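# Residue-level structure breakdown
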Amino acid sequence: VDISSTMLSTRHASLRGFTYDPAPTDSLAGGLHPAGVYASSDFFTEDFAPMWGAGRADLAEMGRLGANAVRLYSWRAGSGRNHEPFLEAAVAADVAVALPIDNWLVHCLSHAEAQPCQALDAAAAISASVSEARPHACAIAAWVVGTEYEKFGEVQPTVASVQERQRDLEQALAHLLEAEAAVGWPPERLPPITVPVSLDTYLSERCPTLRGSAACEFYPRLLARFPQLAGRLLLGLQAYLPGPDLRRLLQRPGGPDSLHAQLLAAGLPEVAALPTLLTEVGSVEPTSPAAAAAELAAACSGGYEGAPLGCFFNTYVTRRAPPASLNSPPDWSAHVRWGAAGFHSAASGAEWRPTSHRLAAFAWDPAPSPQPRIDLRALGGGAFGQLPQRSRPWNAQLAQGVRFAGTSEWPSYLDWRAWDSCQGCRSASEHISFDSSASSFQVQGDWMRISSERGDAGATLSGADSAWHWFNPPRDGTDDAPLEIEFYFLLDGSAFSADIDALTDQMWGALWAFSHGEGDFGWPSGGEMDLLEWLPKFDARAGGLGATTGFHNVVTGAYPPCCMKADPVMYPYGLQGSAVVGGDGFLLPHDSKFSTWGEAMQRLAGRPQATMNRTKAARQLYNNVVHVYARGTSSTFDIFAKQRANPLAPPPISVTTTADTMRAYGYAQVFRAYGDFGSNNDCSFHNAFPMNRAQSNHGPWDGKRCTNWHQNMHFVWSIVRKDVNHEEDRAIVFYLSDIHVRGGSKHTAAQEPVDSPPGRRVVTEQDDVRPCGWLEGGPEACNVRLANAVAQLDPHDFTSHRVSLQVPSAEYPVDTLAATAGLEELSTAMSAAAAAEPPRPKLCAPPFPSPPPSPPPSGPPVPPPSSPSPPPPPPPPWTP
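All of the points below concern the structure found in this document. (Residues numbered from 1 in each chain as written. Predicted model: local features only at pLDDT ≥ 70, side-chain atom pairs only at ≥ 80, totals over all residues. Heavy atoms only, no water.)

### Quick look at the overall build of the chain
Worth spelling out the cut-off: Runs of H or I in DSSP of at least four residues are treated as helices and runs of E of at least two as strands, each being numbered from the N terminus. Only protein chains enter the accessibility calculation, which uses a 1.4 Å probe; a residue is then buried when its area is under 20% of its type maximum, exposed when over 50%, and partly exposed in between. In this analysis, two residues are considered to be in contact whenever any of their non-hydrogen atoms come within 4.5 Å of each other. Note on areas: Shrake-Rupley with a 1.4 Å probe; residue coverage comes only from the protein chains shown.
The helix and strand tally for the chain stands at 21 helices and 31 strands. Of all 880 residues assigned to the chain, the portion counted as buried reaches 60%. Across the chain, contacts joining residues at least 24 apart in sequence account for 78% of those joining residues at least 6 apart. When the accessible area of the chain is evaluated, it comes to approximately 33,100 Å², of which 54% is carbon and sulfur surface.

### Observations concerning the side chain of Glu599
Checked against the element boundaries, Glu599 lands in helix α16 (residues 597–604). The exposure class of Glu599 is buried, given its relative accessible area of 7%. Setting aside residues up to four positions removed in sequence, Glu599 forms contacts with Phe594, Gln609, Met612, Arg614 and Ala617.

### Things to note about the sheet that holds strand β19 (residues 510–514)
For the record, the criterion: DSSP-based pairing: two strands are paired if at least 2 bridges between them are found. Simply put, an axis is a line fit to the C-alpha atoms, just over the touching stretch for a helix, and the angle between two N-to-C directions goes from 0 to 180 degrees.
Pairing in this open sheet of six strands is mixed, and the strands run β14-β17-β27-β19-β20-β21 from one edge to the other. Taken across any chain shown, the strands that pair with only one partner, and hence form the sheet edges, are β14 (434–435) and β21 (546–552). Contacts from α16 reach β20 (528–535) and β21 within the one sheet, and its direction differs from that of β21 by about 115°.

### A few points about helix α3 (residues 84–92)
For an α-helix, 3.6 residues make a turn, and residues three or four places apart therefore share a direction. Residues of α3 that are buried: Phe86, Leu87, Ala89, Ala90 and Val91. Check the buried side of α3 and you find it contacts α1 (49–52), α2 (58–64), β3 (96–101), α5 (122–133) and β4 (140–145). Looking one or two residues beyond α3, the residue adopting positive phi is Asp94, at roughly 60°.

### As for helix α7 (residues 214–225)
Quick reminder of the rule: By this rule, a helix spans an expected 1.5 Å times one less than how many residues it contains.
Here α7 contains twelve residues, and its C-alpha end-to-end distance of 17 Å stays within 8% of the 16 Å for a straight helix at 1.5 Å per residue. Taking burial as the measure, the twelve residues of α7 include nine buried ones, the bulk of the element. Considered for burial, the residues of α7 that qualify are Ala214, Ala215, Cys216, Glu217, Phe218, Tyr219, Pro220, Leu222 and Leu223.

### A closer look at the nonpolar core
The test is simple: What is meant by a nonpolar core is a set of buried Ala, Val, Leu, Ile, Met, Phe, Trp, Tyr and Cys residues, joined one to another through side-chain atoms within 4.5 Å.
Core analysis: the biggest nonpolar cluster contains 95 residues, and Trp52, Phe86, Val145 and Tyr219 have the highest contact counts within it. With eight residues, helix α6 (residues 159–182) is the single largest residue contributor to this core. Leave out the neighbours within four places in its chain, and Val145 touches Ile101, Val106, Leu169, Ala172, Leu173, Leu176, Ile193, Thr194, Val195 and Pro196. Core analysis: the second largest hydrophobic core is formed by 84 residues, Tyr622, Ile739, Val741 and Phe798 among them.

### Quick word on the pattern of salt bridges
Selection criterion: By convention in these notes, a salt bridge is any Lys or Arg side-chain nitrogen within 4 Å of a carboxyl oxygen on Asp or Glu.
A full pass over the atoms with the stated rule returns 31 salt bridges. Linking Glu765 and Arg760 is a salt bridge whose minimum nitrogen-to-oxygen distance equals 2.8 Å. For Glu765, a relative accessible area of 11% gives the class buried. One salt-bridge network, held together by shared partners, links Glu148, Lys151 and Asp200.

### Considerations on unusual backbone geometry
Cis geometry marks the peptide bond from Tyr559 to Pro560, where omega comes out at 5°. Tracing the backbone through its elements, the reader meets Pro560 in the loop between β21 and β22 (579–581). Across the junction of Arg770 and Pro771, the peptide omega takes the value 0°, indicating a cis bond. Relative to the assigned elements, Pro771 resides in the loop between β29 (740–742) and α20 (785–793). Backbone geometry at Ser497 places phi at a positive 50°, although glycine is not the residue there. Here Ser497 is to be found in the loop between β18 (483–492) and α15 (500–506). Judged by relative accessible area, which is 59%, Ser497 ranks as exposed. The phi torsion at Asp584 lies on the positive side, around 60°, for a residue other than glycine.

### Here's the deal with the state of the cysteines
Heads up, the condition is: In what follows, a disulfide is any cysteine sulfur pair within 2.5 Å.
Within the structure shown, the criterion is met by five disulfides. The residue that forms a disulfide with Cys207 is Cys216, at a sulfur-sulfur distance of 2.0 Å. Since a negative S-S torsion denotes a left-handed disulfide, the Cys207-Cys216 link at about -100° is left-handed. Both residues of the pair, Cys207 and Cys216, count as buried.

### A few points about the environment of Pro191
Position of Pro191 among the secondary structure elements: in the loop between α6 and β5 (193–194). As for Pro191 and Trp143, which are separated by 48 residues in sequence, their C-alpha atoms are 6.7 Å apart.

### Brief notes about the environment of Leu169
On the secondary structure map, Leu169 appears in helix α6. Taking the C-alpha atoms as reference points, Leu169 and Ser110, 59 residues apart in sequence, are found 8.9 Å from one another. Filtering out sequence-adjacent residues up to four positions away, Leu169 remains in contact with Val106, Val145, Tyr149, Val195 and Phe218.

### With respect to the packing of aromatic side chains
So the rule is basically this: Working definition: rings of Phe, Tyr and Trp (its six-membered ring) pair if their centres are within 6.5 Å, and the pair is stacked with planes under 30 degrees apart, edge-to-face with planes over 60 apart, and tilted otherwise.
Taken as a whole and judged by the stated rule, the model has 30 aromatic pairs. Ring geometry for Phe44 versus Phe86: centroids 5.1 Å apart, planes at 65°, classification edge-to-face. Within this pair, whereas Phe44 is found in the loop between β1 (15–19) and α1, its partner Phe86 is found in helix α3, the two being separated by 42 residues in sequence. In this structure, Phe44 and Phe86 share a single accessibility class: buried. Between the aromatic rings of Phe489 and Trp597, the centroid separation amounts to 6.3 Å while the plane-to-plane angle is 55°, which identifies the pairing as tilted. With a gap of 108 residues between them, Phe489 in strand β18 and Trp597 in helix α16 connect regions that are remote in the sequence.

### Concerning the pairing of strand β26 (residues 668–674)
Taken across its seven residues, β26 has six buried, putting it largely inside the fold. As judged from the six bridges shared by strand β25 (residues 636–642) and β26, these two strands associate in the antiparallel manner. Bridging across to β26, Asp638 finds its partner in Arg672.

### Quick word on the pairing of strand β27 (residues 714–719)
Consecutive side chains along a regular strand alternate between the two faces of the sheet. Counting buried residues in β27 gives six out of six residues, a clear majority hidden from the surface. A two-sided burial pattern is seen for β27, the buried positions comprising His714, Val716 and Ser718 on one face and Phe715, Trp717 and Ile719 on the other. Relative to β27, strand β17 (residues 457–462) is paired through four bridges, and the arrangement is antiparallel. Bridged to Thr460 within β27 is Ser718. The pairing of β19 with β27 spans five bridges and is classified as antiparallel. Among the inter-strand pairings, Phe514 is bridged to a residue of β27, identified as His714.

### Comments concerning the side chain of Ser451
Relative to the elements of secondary structure, Ser451 occurs in strand β16 (residues 447–452). For Ser451, a relative accessible area of 1% puts it in the buried group. Once residues lying within four places of it in the same chain are set aside, the contact partners of Ser451 are Gln389, Arg392, Ser436, Ser440, Ile719, Ile732 and Val733.

### Quick word on the environment of Ala459
By secondary structure assignment, the location of Ala459 is in strand β17. Put simply, Ala459 and Cys425 are 34 residues apart on the chain and 8.6 Å apart in space, counted from C-alpha to C-alpha. When sequence neighbours within four positions are dropped, the list of residues in contact with Ala459 reads Ile432, Asp435, Ser436, Ser437, Ser440, Ile450, Trp717, Ser718 and Ile719.

As structure tokens, then:
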């Protein structure tokens with residue numbers, strides 16, 4: 001795309017900015033605001049100047065940090081709203097503004113008859129935005145049309161729904177261009193336009209394997225319909241990737257998986273040639289300043305072919321005071337969406353009130369499109385928040401926070417979006433008739449929980465739909481670090497009291513993981529890791545085993561567990577004739593004589609094996625906090641656990657900590673397995689038992705594909721009871737901390753099976769979940785159970801990072817900002833990027849240029865004045 005004749009050629013080399021959504025303390029950040037507080041999420045009118053103008057001076061602080069742009073999410077011009085003070089403050093801070101045409105404006109422009117849109121004149125709002133911005137043209141960095149609009153209003157977007165969204169975008173662009181022409185915006189100073197798409201969707205028939213494939217649907221049609229966008233259209237990406245991965249994606253010419261190469265391969269050279277703008281880059285979790293600076297240096301500072309024209313850093317930075325007790329709601333502070341700026345908001349006591357006539361002129365943002373309603377009667381009757389599983393007091397042992405031995409490299413799992421899938425439900429189909437997944441899932445503080453209220457009730461939640469939470473064990477021959485998985489849990493069986501062994505006999509809950517793939521590539525071909533699984537009473541002659549660990553693959557299916565050897569961890573007292581020994585010492589158990597967690601903990605305490613009882617040993621894993629640390633290399637996988645752990649004081653554990661040191665810290669080694677678990681075709685277990693045919697859906701071994709070992713693993717969190725009828729009314733509550741994951745590789749590094757069919761992407765496929773009719777909504781809706789609950793019931797305890805509670809105050813606080821450690825590190829990185837570019841003048845002072853004159857009145861021509869007027873001064877140079 002030739003950009004030499006556009007304003008981009010005279011701008012500085014790149015935009016370095018923050019996303020900005022300064023919702024005050026008493027708002028519902030990211031959603032609708034409570035009646036009587038704020039009627040809109042547009043916080044950029046003069047009424048809110050104490051936040052970004054004189055007072056807290058957010059815009060000035062952004063400029064001081066080295067930012068030269070800011071991206072907004074809501075801007076509703078007209079109806080008496082005045083944004084001029086905000087634009088003037090941006091110019092004074094030398095910070096250009098990327099103005100939004102938000103998703104609701106795009107949608108309602110094409111669907112004015114829809115009930116949520118009837119109170120919103122989208123066409124008038126877009127025209128008013130353009131007219132309002134025109135006198136401040138030199139301060140407008142870009143028009144941002146929609147935000148991941150391909151997913152708007154869709155719990156599960158499809159290719160067909162994306163194509164419908166394309167038509168909405170075309171109408172919005174047409175109206176935007178018409179509005180620019182109507183106000184006489186100088187052609188040489190028209191801002192660039194971008195339509196941001198998410199990189200975590202695969203929603204195109206033309207580019208089925210491309211990250212952010214909605215771009216293949218949107219951008220070719222926009223360029224074809226609007227030739228005048230040549231030189232203005234930027235490929236907008238919402239890019240939550242580590243800096244090196246992001247750079248590899250953008251590099252031109254890049255590898256076969258690069259964005260440029262895949263667009264060319266799809267026959268879209270016009271899209272491949274577009275400059276990119278990273279409209280969000282960073283993390284949806286609180287991002288460390290060091291990580292943000294590294295991201296900036298790796299992908300956003302230029303210096304390579306294909307570097308983006310700009311980056312807007314984003315994270316959700318929240319700070320909350322702990323509740324007085326775990327049974328009272330938390331006191332949330334404000335949510336400030338300031339990218340990696342690293343600011344927290346805290347109520348300061350300084351309060352102000354927008355004038356009432358301005359509030360009366362505001363229009364409510366429309367409510368989201370209705371989703372299938374969850375039947376409260378099926379959830380147990382009564383109000384959602386008053387259900388027994390939701391109103392139950394939290395275990396008093398969890399009143400304090402949680403600390404980990406290391407920092408996670410994955411997003412937090414303390415959020416419903418990490419669990420909104422039912423992959424894994426088939427294993428419970430014979431034992432559950434009542435789904436308590438949505439009704440019992442809760443997050444509070446540093447813990448989350450699910451529960452089973454009665455014998456036939458259970459929960460199955462998994463992360464199969466959230467690519468950012470998938471993981472891969474380290475691959476041999478790469479620079480992958482060992483995989484570390486760290487978490488705490490508490491299995492609350494207090495309802496069983498003195499009959500605790502009955503809990504062991506029926507409890508079949510687990511935290512486990514398996515990979516993607518369907519049909520012949522689905523379970524068990526992808527491998528299974530039961531990191532923590534309670535094995536109930538399967539044999540009438542013996543009781544349940546309690547907490548255990550077992551891995552499974554295509555040779556063993558659901559039973560027996562694979563990949564063990566006769567070592568001091570799993571068989572410390574010999575095989576006792578309970579397993580077949582194969583090649584390289586691998587075992588094929590035919591009896592569950594391997595060590596359980598309870599036995600391992602008793603051995604650590606010095607108890608002789610001859611005096612152990614498995615059922616009694618299992619009691620150690622109930623009603624107390626257990627810390628779990630797992631690590632896997634390309635040859636072994638080990639798990640350590642400590643009962644009665646202090647979640648505020650983990651020892652300095654790392655991949656180099658020896659087993660002897662772990663024992664000295666009080667951790668029992670509860671599991672060891674052998675294999676190259678990161679490989680996509682590890683054959684060691686097949687070779688150990690060459691005469692054994694594969695189980696389940698995989699046919700006889702053909703000597704080529706052994707198993708699609710452990711690619712794009714996702715966690716499954718479940719409570720299932722075995723052979724218990726609904727009359728059992730003693731509740732089981734499974735508490736889980738956040739899960740910290742480090743090392744290994746993320747979903748972008750997954751390897752396809754060795755014989756993956758052409759055109760398929762096995763590592764993102766999901767197997768059929770039927771029969772899972774016990775799930776709320778059935779198989780068709782099982783992957784959106786939590787999303788439906790959010791849409792219909794608005795639970796305030798589905799995430800620990802959502803600011804959702806209204807403070808009991810009639811005032812409107814101007815929150816203070818408290819700098820987070822390391823903020824200056826990001827500032828230094830931004831300043832270094834600026835120093836590598838040519839000097840640029842400051843933003844021009846508004847108003848510039850003037851609107852066009854009104855048409856002359858009809859009638860005879862007016863004679864010219866006796867002396868000509870002097871020519872207007874030349875416009876100042878265009879800068880962002």
